[in-house]
Amino acid sequence: MAERAAPPPVRSDVKPSLPHDSALLHVTGTARYIDDEPESTDLLHLAFGQSTETHAAIVTIDLSAVRAAPGVVAVFTAADIPGHNDVSPVAHDDRLLADGEVLYRGQPVFLVAATSRGAARRAARLGKIEYAPRPALLTIADARAAASSIEPTQRMARGDAAAALDTAPHRRSGSFAMGGQDHFYLEGQIALARPGEDGQVHIASSTQHPSEVQHLVADLLGVTSADVTVEVRRMGGAFGGKETQAAPFAAAAALVAAKTGRPAKFCCDRDDDIVLTGKRHDFNVDYDVGFDDDGHILALSLRLASRCGATVDLSPAINDRAMFHADNSYWLPAVEIVSERLKTNTVSATAFRGFGGPQGMLAIERVVDVVAASLARDPIDVRIANLYGPGRDVTPYGMTITDNIAPALIARLRRDSDYDARRAAVHGFNARHRVLKKGIALAPVKFGISFTTTHLNQAGALVHVYADGSIQVNHGGTEMGQGLYIKVAQVVADVFAVSASAIRITATRTDKVPNTSATAASSGADLNGMAAFEAARTIRDRLAGVAASIGSCEPDTVRFTAAGIVAGVETIPFATLCRKAHLARVSLSSTGFYATPHIAYDRAAHRGRPFYYFAYGAACAEVVVDTLTGEHRVLAVDILHDVGRSLNPAIDLGQIEGGFVQGQGWLTTEELVFADDGRLLTHSPATYKIPTAADRPDRLSIALWDGENVEPTINRSKAVGEPPFMLAQCVLSALGEAVAATVPDRRAFPPLDAPATPEAILRAIAAHCA
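Analysis parameters
- Residues numbered from 1 in each chain as written.
- Predicted model: local features only at pLDDT ≥ 70, side-chain atom pairs only at ≥ 80, totals over all residues.
- Heavy atoms only, no water.
- Helix = DSSP H or I, 4+ residues; strand = E, 2+ residues; numbered from the N terminus.
- Rg over C-alpha atoms; globule rule 2.2 N^0.38 Å.
- Buried < 20%, exposed > 50% of the residue type's maximum accessible area, 1.4 Å probe, protein only.
- Contact = heavy atoms within 4.5 Å.
- Areas by Shrake-Rupley, 256 points an atom, 1.4 Å probe, with all protein chains shown as cover.
- Lys, Arg positive; Asp, Glu negative; His and termini not counted.
- Charge placed at Lys NZ, Arg CZ, Asp CG, Glu CD.
- Axes fitted to C-alpha atoms, helices over the stretch in contact; angles between N-to-C directions.
- Parallel < 35°, antiparallel > 145°, perpendicular 65-115°, else oblique.
- Nonpolar A, V, L, I, M, F, W, Y, C, P; charged D, E, K, R; others polar.
- Pairing = 2+ DSSP bridges.
- Phe/Tyr/Trp six-rings, centres within 6.5 Å; stacked < 30°, edge-to-face > 60°.
- Salt bridge = Lys/Arg side-chain N within 4 Å of Asp/Glu carboxyl O.
- Expected span 1.5 Å × (residues − 1).
- Arc of directions from axis to C-beta.
- Polar contact = N/O pair within 3.5 Å; in protein donor to acceptor, adjacent residues only side chain to side chain.
- Left-handed = near helix turned anticlockwise from the far one by under 90°.

Colleague: Help me understand the overall build of the protein chain in this model?
Modeller: A count of helical and extended segments in the protein chain gives 19 helices and 29 strands. Taken over C-alpha atoms, the radius of gyration comes to 27 Å for the protein chain, in line with the 27 Å a tight globule of 770 residues would show. Projected onto its principal axes, the C-alpha positions of the protein chain cover 80 × 80 × 50 Å. The proportion of buried residues among the 770 residues of the protein chain is 61%. Contacts spanning at least 24 positions in sequence make up 80% of the contacts within the protein chain whose residues lie at least 6 apart. Of the accessible surface of the protein chain, which amounts to about 27800 Å², a share of 53% is contributed by carbon and sulfur atoms. The protein chain carries 73 positive and 86 negative side-chain charges, and their two centres are separated by 2 Å.

Colleague: Sorry if this is basic, but what is going on with the packing of helix α17 (residues 649-668) against helix α18 (residues 729-740) here?
Modeller: Helix-helix packing is characterised by the crossing angle of the two axes and by the distance between the axes. Contact geometry of α17 with α18 gives a least axis separation of 8 Å together with a crossing angle of 40°. When the axes of α17 and α18 are compared, the pair comes out oblique. Only Gln729, Cys730, Val731, Leu732 and Leu735 of α18 make contact with α17, whose side of the interface consists of Phe660, Leu667 and Thr668. A class-by-class count of the residues in the contact of α17 with α18 yields six nonpolar, two polar and no charged.

Colleague: Looking at this structure, I do not really get the sheet that holds strand β21 (residues 559-561). What am I missing?
Modeller: Pairing between the strands of a sheet is mediated by backbone hydrogen bonds and can be parallel or antiparallel. Read across the sheet, three strands follow the order β21-β22-β23 without closing on themselves; strand pairing throughout is antiparallel. Of all the strands in the sheet, the pair left with one neighbour each is β21 and β23 (570-572). Put simply, the sheet's adjacent strands are angled 25° from each other on average, direction ignored. Two elements, strand β22 (residues 564-567) and β23, share three bridges in a ladder whose sense is antiparallel. Residue Val566 lies in a different strand from β23, and its bridge partner there is Thr571. Its contacts with the sheet place helix α16 (residues 574-583) against β21, β22 and β23, and it is angled at close to 90° to β23.

Colleague: Any chance you could explain the packing of aromatic side chains here in plain terms?
Modeller: To describe a pair of aromatic rings, one takes the distance between the centres and the angle between the planes. A complete count under the given rule lists 14 aromatic pairs for this structure. Geometrically, the ring pair formed by Phe496 and Phe574 is tilted, given 5.6 Å between the ring centres and 50° between the ring planes. Taken as a pair, Phe496 in helix α14 (residues 484-496) and Phe574 in helix α16 lie far apart in primary sequence, 78 residues in all. A residue is classified by how much of its surface remains accessible, and Phe496, at 1% relative accessible area, is buried. Judged by relative accessible area, Phe574 falls into the buried class, the value being 11%.

Colleague: Where do I start with the pattern of salt bridges in this structure?
Modeller: Side chains carrying opposite charge are able to pair once their charged atoms draw close together. For the structure on display, the rule yields 42 salt bridges. We note a salt bridge from Arg171 to Asp288, for which the minimum N-O separation is 2.7 Å. One end of the pair, Arg171, is in strand β8 (residues 170-178); the other, Asp288, is in strand β13 (residues 283-291), and 117 residues separate them in sequence. On the basis of relative accessible area, Arg171 is assigned to the partly exposed category, the value being 37%. Assessed through its relative accessible area of 17%, Asp288 is described here as buried.

Colleague: Please explain helix α13 (residues 419-432) as it appears in this structure.
Modeller: Along an α-helix, a turn takes 3.6 residues, which lines up residues three or four apart on a common side. Over its 14 residues, α13 extends 20 Å from the first C-alpha to the last, a length consistent with the 20 Å expected when each residue adds 1.5 Å. Within the sequence span of α13, burial applies to Tyr419, Arg422, Arg423, Val426, Phe429 and Asn430. Summarising the axial view, the buried residues of α13 lie within an arc of 120°, below the 170-degree limit, and thus occupy one face. Facing away from the buried side of α13 by more than 90 degrees, the exposed set consists of Ala431 and Arg432.

Colleague: Would you mind going over the side chain of Lys718 with me for this structure?
Modeller: Tracing the chain through its elements places Lys718 in the loop between β29 (699-704) and α18. A relative accessible area of 5% means that Lys718 is categorised as buried. Within the local environment of Lys718, its side chain forms a polar contact with the side chain of Asp642, the two groups lying 2.7 Å apart. Discounting chain neighbours no more than four positions away, the residues touching Lys718 are Asp403, Tyr613, Phe614, Ala615, Tyr616, Asp642, Val643, Gly644 and Asn709.

Colleague: Looking at this structure, I do not really get the packing of helix α6 (residues 210-221) against helix α7 (residues 247-260). What am I missing?
Modeller: Two numbers describe how α6 lies on α7: the axes approach to 9 Å, and their chain directions differ by 40°. On the basis of their axis angle, the class for α6 and α7 is oblique. Read as a crossing pair, α6 and α7 show a hand that is right-handed. The residues of α7 that touch α6, namely those facing Val213, Leu216, Val217, Leu220 and Leu221, are Ala247, Ala250, Ala251, Ala254, Leu255 and Ala258.

Colleague: What's the story with helix α10 (residues 357-375) in this structure? I'm lost.
Modeller: Its 19 residues place the ends of α10 28 Å apart at the C-alpha level, agreeing with the 27 Å of an ideal helix rising 1.5 Å per residue. In terms of burial, α10 is largely enclosed, as 19 of its 19 residues are buried. In the segment just after α10, Ala376 is the residue with positive phi, at about 55°.

Colleague: I keep staring at the pairing of β22 and nothing clicks. Help me out?
Modeller: Side-chain positions along a regular strand alternate between the two faces of the sheet. Relative to β22, β21 runs antiparallel, the two being bridged by three bridges. Each bridged residue has a counterpart across the sheet, and for Thr561 the counterpart in β22 is Gly564. In this structure, the hairpin formed by β21 and β22 is closed by a connection of two residues. The antiparallel pairing of β22 with β23 creates a hairpin that spans two residues between the two strands, and Gly568 there sits at a positive phi of about 65°.

It is worth stressing that arrangement in space is one thing and function is another; only the former is reported here.
Next up, the structure:
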């Protein structure tokens, strides 16, 4: 467990630290996931037959050996799909099964249904496909040279950056790269489809977006959405990787169930999962920055180029968010941000925690580090000099910042982490040691909260109060381990003044709450918490009317308390009041709906208010690097993070810790390597290195900022899912500082790419020392 600094005294309206609703089930192994469901004797197991070419036309397909393989019951190709062969979120360019050509190595070409998982996987390797290879584009450079993109290059600007660059007292330019990242959720992609009567199908899916799975499956089967029910009780992790990427597996299971009349399960093998599913977008960044003697950024030209993969997926919105966050917490008076969205013959990149925000934020943090190194100034002073403030409070996309706590938050962390004394000690250490070099960095985070696609900012909920006083809650949010269910349960419990243990949380189902948005964009608690609150409040008002008739008082004087409902001189137990309401024929069920207010964005002009509010944070990291091997160690991390009035401090602290370590993995150990022929070489735990307990900082201290949201969110809380991920950017800055210490008098920041693997660190040392 992390060392966590004792949080400051909090007001009584901050909610208690209740355990995750499934915590006991998790640690005792009794939490049921899809693969724990009992298997019927007629269950079929599925596997994809995958492409062995990176980009090619399909000439012929011979599946006779597949059909003859032991255990095989059925084999399907694109021709067997009754509706539209489409599992894409927006652009209708993602095929469930390849039709005519393959766009990346590993793309599904056919589908095998067999009596066991092993039989399906073995048979899937027996397909004989003749290809006519076509030129393949694998890298950002390849796609750029071929002018291959998924949409036109986008531009966001303010002022005349080119002119301001020409007149700036100092000017620096350069480039660096940051890699992608695999989600590596503990529960792989899985779906279980059961056929119903009259063409209906029920799907248990490990997905963040049950409504999208429902709509895509219905379209693929040629039925209506009302004929398809998707259910999600919990996921064993997702991180964005089950927002769009769960759809092919659910659609495959539904297709087999519809075609055979038998239940079908697709439990994807880990190696296949990594090959088949999208990753975080990797980026190349080019910058040209002008600044003055005090480190104020006067002009910036920033070019962000991302590898989007073979299809559109969510790349437009992800790259838009990278542009939104290319300012992080800094005022940029003259700025041009250009975003290239490049199409390659690799598996399509997709949503990942931060949704492009980390890539944009890392770009500006590198620029700040370059400015500080050029002036031989402490980077934290340059960061503070460029923070948003009065008269400098409008983003490059025209949104006015009204909740800027970054200056105060940074000042407090600087004091509490003893940054200045530690930086002096780091310099002393480096002067005494030739091989080992230390670095320290403190960096802020400002992350916009809302879906940048405006219509997604809505949620629904369904609350039932039963005659015995028990309460059942359902909403459109999905539980992937982040604690959404317990937070929403606490919201509902507060409305009725009952214990959260009195709330029965039920699985997310499309036949209970329809047309929901994905649980993503860190908005799960904001949206679903408010929707559940509205539903519960409607029932509470009805109960208040019943209580008022009993207590001979006005309904607006009725109070719900832990001791019971106080109406006049009467105190009525909650269960008693519910029974009386039922007998009085008062409805104890209600839906609730919430749509985030005050947001609008003109994408064509890249202007507007895409976010309801910002979440802030800052982290200080101290590292040590072995300059002979390139290996490093994160010695200490101090975090101060803003969650507003926390709905559940224990859950929020866990999210901050987990997000930081995952971000550290992206920036230090997790490397995606493609061979020249398009094969993904890092496709298993043996070759892809997620952070482990050994990579966790030796000392990790986390504290919550004692503030509240300026916007009227549920309990004035703030989102916590994605913003902590970006706190880890201070680790890369600290590693750069350590590499720079190899030539301490050189006024340049090392060209350190991410992930900062030992090889990358050695390359940066060599370049810095050249």
